[in-house]
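Working through the structure, step by step
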Amino acid sequence: MTRYLVTSALPYANGPIHFGQITGAYLPADVYVRTLRMQGEDVVFICGTDEHGTAITVNAEQDGVPYAQYVARWSTSGRAPASVRTTPRPARSFSAAWT
């Protein structure tokens, strides 16, 4: 039996999940994983969100909330059995990291 690791694209965590993300990132990978599992293959499926981007920073500032809080609100972490986040520790601003 072949072992498979399948990942989906990691949409930005800058708003609610929308139809385009489902059909463009999650659904194709999910269908592929389910097909492999029905064929008896050993499959791990990992999905998640990309927590770094200008739109996230801008939207967090517009909402008046800290970056980490904004990202946590829109992250898919916890919605899937194997969901990843690209910010493993509390996020810091660029200036705080370099001063």
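First things first, this report covers the structure right here in the doc. Note that the structure is a prediction, hence the values are computed from the model and not measured.

Right, let's talk about the nonpolar core for a bit. One finds V6, Y26, A29, V33, L36, V43, F45 and C47 forming the largest nonpolar core, which totals eight residues. Of all the secondary structure elements, the ones that give two or more residues to this core are helix 1 (19-38) and strand 2 (42-49). If one sorts the elements of this core by residue count, helix 1 sits on top with four residues. Of all hydrophobic cores here, the second largest spans six residues; its members include A60, Y70, V71 and W74.

Relative to the helices and strands, Y12 resides in the loop between strand 1 (3-7) and helix 1. The class for Y12 is partly exposed, based on a relative accessible area of 46%. Excluding residues that lie within four positions of it along the chain, Y12 makes contacts with Q21, D50, H52, G53 and I56.

All of the buried residues along helix 3 (residues 67-74) are Y70, V71 and W74. Down the axis, helix 3 shows its buried residues gathered within 95° of arc, on one side only.

Another point: the pairing of strand 1. As defined by bridge partners, strand 1 adjoins strand 2 across five bridges and the pair is classed as parallel. Counted as the bridge partner of L5 is V44 from strand 2. The β-α-β motif built from strand 1, the intervening helix 1 and the parallel element strand 2 has right-handed crossover chirality.

Along the chain, T23 turns up in helix 1. In this structure the side chain of T23 is engaged in a polar contact, spanning 3.5 Å, whose partner is the backbone oxygen of G20.

Our focus in this paragraph is the pattern of salt bridges. Scanning the entire structure with this criterion turns up three salt bridges. In this structure, R3 and D42 form a salt bridge, with 3.1 Å as the shortest nitrogen-oxygen distance. Taken together, the positions of R3 in strand 1 and D42 in strand 2 put the pair 39 residues apart, joining distant regions of the chain. On the basis of relative accessible area, D42 is assigned to the partly exposed category, the value being 31%.

What counts, and at which threshold
Residues numbered from 1 in each chain as written. Predicted model: local features only at pLDDT ≥ 70, side-chain atom pairs only at ≥ 80, totals over all residues. Heavy atoms only, no water. Core = buried A, V, L, I, M, F, W, Y, C linked by side-chain atoms within 4.5 Å. Buried < 20%, exposed > 50% of the residue type's maximum accessible area, 1.4 Å probe, protein only. Helix = DSSP H or I, 4+ residues; strand = E, 2+ residues; numbered from the N terminus. Contact = heavy atoms within 4.5 Å. Arc of directions from axis to C-beta. Pairing = 2+ DSSP bridges. Right-handed = clockwise from strand over helix to strand, strands pointing away. Polar contact = N/O pair within 3.5 Å; in protein donor to acceptor, adjacent residues only side chain to side chain. Salt bridge = Lys/Arg side-chain N within 4 Å of Asp/Glu carboxyl O.

Bear in mind that shape data such as this cannot, by itself, settle questions of function.
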